[in-house]
Amino acid sequence: MMSARENSTRELRLRTFHLFTTNNSEAKRPRSSSSHLRAGLWAFRWTCHSPARSRRPAPCCRRAALRPPSAVRLRRCSGDLCGERGVRAAGPAVLRCVVLCGVAERELSHIPVSAWAMASGTALIYDEAMTRHKLLWNDPICDIEVPERLSASYEQLQCYHLVERCVPVPAREGSEEEILLVHSSEHLEAAKSTQTMNEEELKRISGNYDSFFFHPNTYHCARLAVGAALQLVDSVMSGKVCNGMALVRPPGHHSQRNAANGFCLFNNVAIAAEYAKLKYGLQRILIVDWDVHHGQGTQYIFEEDPSVLYFSWHRYEHQEFWPSLKESDYDAVGLGKGKGFNINLPWNKVGMGNSDYLAAFFHVLLPVAFEFDPELVLVSSGYDSGIGDPEGQMNATPEVFAHLTHFLMQLAHGKLCVILEGGYHLKSLSESVCMTVKTLLRDPLPQVTGEMAPCLSAIESIQNVRAAHKPYWKWLTYEDTSFLHNLSTRSDLPKTADTNPCADDGAKITDSNETDKIERFLELHMKNVIFPVPPIRTATTAELKASAHLNTFPVHLHVVKEMDKNEIEALVSDFHADLVKTNKTLLSLGSTLTILDKILKKEVCNGIAESPAASASVAVALRHPLCFGLQRVLCIFVGDMHIIPNTEDGKILVIHICKEEQTGKSSSKHYIVLNWKEDADGNDFFSAVLGFILPVAYSYQPNLIVIAVGPNRSLGISGISLLFGLLQGLAESRILAVIEDTDINLMQSVAKTLAGASVPHFGVHVPPTQEKVNQIKMLRNQLQQDWKMLQCSVNDGI
């Protein structure tokens, strides 16, 4: 706890810092323009460069870092800068298009401020100078924190050609004032003093801390790490980019107000959160810490602060694994006003895999996060929770981090800052970094591998976390939660707590043969996981594009060439010819099958089709993929479904979302009825999607997803958008949307979501009624042995 004098000094410092940033941004504010671009062209992807190719940002970049200018004049890009059709700024700065295609040839008018709020692109921050922090003496605890952690990650990004697709943002040193937002002046001065020390002095002062080493360059590197995190926050919050990643060393989440700890000198993410609150007036920030160690430093800093929701999963083993703290367990929920805003999910055994991590997101993090509704998401991104790492000894493969990143991108209107923490197996680390960045760039996600069934110990931890947080979160109000004390991993034999951040030397993956084995496995695994991205993201028909006013979209929608009537009749005659009774239905079916054909041939990633008879179109479309050898097709149908497809062979799984129970139709393994009418006051569909639909879908692992909206739909636009937003992580993002509804707003929302033009608006979070919660529990109890990702408590029959 800080003394009254310390509090007073800190408040004065924060007021001075806030005054400085406010005055600075006001002074730089450009004049506004009276002209506006048409409402449809409000989102674009860009980066800012000087035409002279100088590393120094062009003038508009420097302004944008403080406050988005009111307007930027654009004209069509010839494609020589970005390789694609796009837009460029008239003037000294060039806007390099990332994905933008189909912009009008004529010169565009000025883009209003609202355009900047939806700016897209992914920032990447890397500075080789941060590799100059290194260990000068032998230390078996600290010798895994090597400079190659950064250089190997950056080189792998280059190998995948991801660096050139990102917006390069230079690192800078964090100022002393910024560091003092979190740390004490004594800690700052102690760190500064190490710059001129010799090796013996450095070794002596390093011994004052738990698992930390100093080098003459450490202070400079740590300031660069802080500054890189703040540069990333500025880039995202100013609208220069939508999201980004900062590769930094030393890491930060163990660092506390007065002390270095666990390889960390300054708490980069905590400083970034305080900085964002002060500079941008944010009231809700989510910090997700998926490092394998508990970020106790971050917890201590925010445990009384309800404006920051901190979530950490970590290897714990009943307090036997470093940092071996009681307050790392599930019952440490925060203090005072911060109760409920600190979530610890302890892993009590090693070997946790992809399904365990996903289950933690489905049944704990995502429901809380959507209810919290953050304005910014920060990730303490430690990859020592990945396979092969000597610290974590977990089995999660790199592609799972793509899925975790995708889920977090649905929050805070996509404002996501990923900041590197741990990760000590260079191959596992670098591949996981690449999976994260590919997802930030909105590439289709690879299929997550492994059996989709969380282990018993993971379910026990999830159950206890839900029980601990039931008093604080509305989504848990009607859930049956109880503490589980007799854990399967408990041992009656007392063990000595580990006082080092490294695992027991005998259990570490230090054997070179084992390390090589993991490296070979990852080499082969990534070849199987990585797949070529289709050249076109989203396909539609000319008629739909015109009728839904999609011609002015900020991203290109590919128009398919439709089949003629004879082709359609020949195709349909093989099956379900009796379902197509009118020419209009026949022609729309042709459009649907043309788009589906392109998705199956991987010419496009996804597509949207309109149909006057969605049920008939879906019935035909669901059988078409089987001709291509697909084994699992997931269909989610919203509204009245007059034709129920045959699901007996397991090749089709239908989730039917409707207002009323279907006469004569009860839920079974491959045909599931979910009676749901969206709440008029907001979106209460979160609990159904997160607690039921996503777990079932990930258990099934489909090769293709068909989402159809029929007549008498029971969900509003926000609920339907939620489905499209979250399910894009599956089936390599191969999704066919079939919509019978003529609501233009619905069409536009679905098209924007599929095309990656924006993060969908999910509406106001409303907790579900007891009746709806009971329905989900009933379905979960009925189906969890078939779809094991539904399991979230031992009482559920595990």
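Rules used throughout
- Residues numbered from 1 in each chain as written.
- Predicted model: local features only at pLDDT ≥ 70, side-chain atom pairs only at ≥ 80, totals over all residues.
- Heavy atoms only, no water.
- Helix = DSSP H or I, 4+ residues; strand = E, 2+ residues; numbered from the N terminus.
- Buried < 20%, exposed > 50% of the residue type's maximum accessible area, 1.4 Å probe, protein only.
- Contact = heavy atoms within 4.5 Å.
- Areas by Shrake-Rupley, 256 points an atom, 1.4 Å probe, with all protein chains shown as cover.
- Phe/Tyr/Trp six-rings, centres within 6.5 Å; stacked < 30°, edge-to-face > 60°.
- Lys NZ or Arg CZ within 6 Å of the ring centre and 35° of its normal.
- Core = buried A, V, L, I, M, F, W, Y, C linked by side-chain atoms within 4.5 Å.
- Axes fitted to C-alpha atoms, helices over the stretch in contact; angles between N-to-C directions.
- Parallel < 35°, antiparallel > 145°, perpendicular 65-115°, else oblique.
- Left-handed = near helix turned anticlockwise from the far one by under 90°.
- Nonpolar A, V, L, I, M, F, W, Y, C, P; charged D, E, K, R; others polar.
- Pairing = 2+ DSSP bridges.
- pLDDT = per-residue confidence, 0-100.

## Observations concerning the overall build of the protein
Working step 1: Secondary structure assignment for the protein yields 23 helices and 20 strands.
Working step 2: For the protein, the proportion of its 798 residues judged to be buried stands at 63%.
Working step 3: A fraction of 77% describes how many contacts in the protein between residues 6 or more apart in sequence connect residues 24 or more apart.
Working step 4: Working note: accessible area of the protein is about 29800 Å², and carbon and sulfur atoms make up 49% of it.

## Examining the packing of aromatic side chains
Working step 1: Summed over the entire model, instances satisfying the criterion amount to 26 aromatic pairs.
Working step 2: Here the aromatic rings of Trp290 and Tyr383 are separated by 6.4 Å at their centres, their planes lie at 55°, and the arrangement is tilted. You can see Trp290 sitting in the loop between strand E8 (285–289) and helix H10 (296–302) and its partner Tyr383 sitting in the loop between strand E11 (376–381) and helix H12 (399–408), a full 93 residues away along the chain. Each member of the pair Trp290 and Tyr383 is classed as buried.
Working step 3: Aromatic side chains Phe311 and Trp313 sit 6.2 Å apart centroid to centroid with 75° between the ring planes, which places their arrangement in the edge-to-face category.
Working step 4: Look at Trp313 and you get buried, because its relative accessible area is 0%.
Working step 5: Each member of the aromatic cluster is reached from another via a ring pair, and the members are Phe311, Trp313, Trp347, Tyr357, Phe361, Phe362, Phe407 and Tyr698.
Working step 6: A cation over an aromatic ring shows up here: Lys669 above the ring of Trp787, its NZ or CZ 5.4 Å from the ring centre.

## Structural notes on helix H19 (residues 614–623)
Working step 1: H19 sits mainly inside the fold: 10 of its 10 residues count as buried.
Working step 2: The set of residues buried in H19 consists of Ala614, Ser615, Ala616, Ser617, Val618, Ala619, Val620, Ala621, Leu622 and Arg623.

## Some remarks on the nonpolar core
Working step 1: The biggest cluster of nonpolar side chains holds 182 residues, and the ones touching the most others in it are Ile657 and Phe685.
Working step 2: The greatest single-element share of this core, amounting to 13 residues, is contributed by helix H11 (residues 354–372).
Working step 3: Apart from the residues within four sequence positions on either side, Ile657 is in contact with Ile636, Phe637, Val638, Gly639, Leu674, Trp676, Phe685, Ile693, Ser714, Leu715 and Leu723.

## So, the packing of helix H21 (residues 717–727) against helix H22 (residues 744–755)
Two quantities define a packed helix pair, namely the angle between the axes and the distance from one axis to the other.
Working step 1: At a minimum axis separation of 10 Å, H21 and H22 run at an interaxial angle of 20°. Our classification of the angle between H21 and H22 gives roughly parallel. For H21 against H22, the interelement crossing comes out right-handed. Here Ile717, Ile720, Ser721, Phe724 and Gly725 of H21 lie close against H22, whose contacting residues are Asn745, Leu746, Ser749, Val750, Thr753 and Leu754.
Working step 2: Across the contact of H21 with H22, the residue classes break down as 6 nonpolar, 5 polar and no charged.

## A look at the sheet that holds strand E17 (residues 652–658)
Through backbone hydrogen bonds, the strands of a sheet pair up, either in parallel or in antiparallel fashion.
Working step 1: Reading across from one edge, E14-E13-E15-E20-E19-E16-E17-E18 is the order of the 8 strands in this open sheet, with parallel pairing throughout. Taken across any chain shown, the strands that pair with only one partner, and hence form the sheet edges, are strand E14 (558–559) and strand E18 (671–675).
Working step 2: Seen against the sheet, H21 touches strand E16 (633–638), E17, strand E19 (704–709) and strand E20 (735–739) and runs at an angle of roughly 170° to E19.
Working step 3: Packing against the sheet, H22 makes contact with strand E13 (536–540), strand E15 (604–610), E19 and E20, and its axis sits at approximately 175° to E15.

## Description of the sheet that holds E8
Working step 1: Strand order in this open sheet of 8 strands is E6-E5-E7-E12-E11-E8-E9-E10, and the pairing throughout is parallel. Looking at the sheet topology across the chains shown, the edges are occupied by strand E6 (167–168) and strand E10 (342–347).
Working step 2: Relative to strand E12 (residues 416–420), strand E7 (residues 243–246) runs parallel, the two sharing 4 bridges. The partner of Asn243 across the bridge, within E12, is Leu416.
Working step 3: Relative to E11, helix H9 (residues 268–280) is tilted by about 170°, and along the sheet it contacts E8, strand E9 (308–315), E11 and E12.

## Observations concerning the packing of H12 against helix H13 (residues 426–440)
Working step 1: Orientation of H12 relative to H13, taken along the N-to-C sense of each, is 35°, at an axis distance of 8 Å. For the pair H12 and H13, the sense of crossing is right-handed. Residues Glu399, Phe401, Ala402, Thr405 and His406 of H12 form the contact with H13, whose participating residues are Ser432, Met435, Thr436, Thr439 and Leu440.
Working step 2: For the contact of H12 with H13, the residue count by class is 4 nonpolar, 5 polar and 1 charged.

## What to know about the confidence of the model for the protein
Working step 1: Of the residues in the protein, 78% have a pLDDT of 70 or more, and the chain-wide mean is 82.
Working step 2: In this model, residues 1–118 is a region of pLDDT below 50 whose contacts with residues beyond four sequence positions or in other chains number 206 contacts.
Working step 3: When the criterion is pLDDT under 50, residues 492–510 qualifies, and its contacts beyond four places in sequence or with other chains add up to 43 contacts.

## With respect to the environment of Phe213
Working step 1: Assignment of secondary structure puts Phe213 in the loop between helix H7 (199–206) and helix H8 (218–237).
Working step 2: The spatial distance from the C-alpha of Phe213 to the C-alpha of Phe263 is 7.0 Å, given a sequence separation of 50 residues.
Working step 3: Excluding its chain neighbours within four sequence positions, the residues that come into contact with Phe213 are His133, Lys134, Leu135, Trp137, Cys142, Glu145, Ser206, Thr218 and Arg249.

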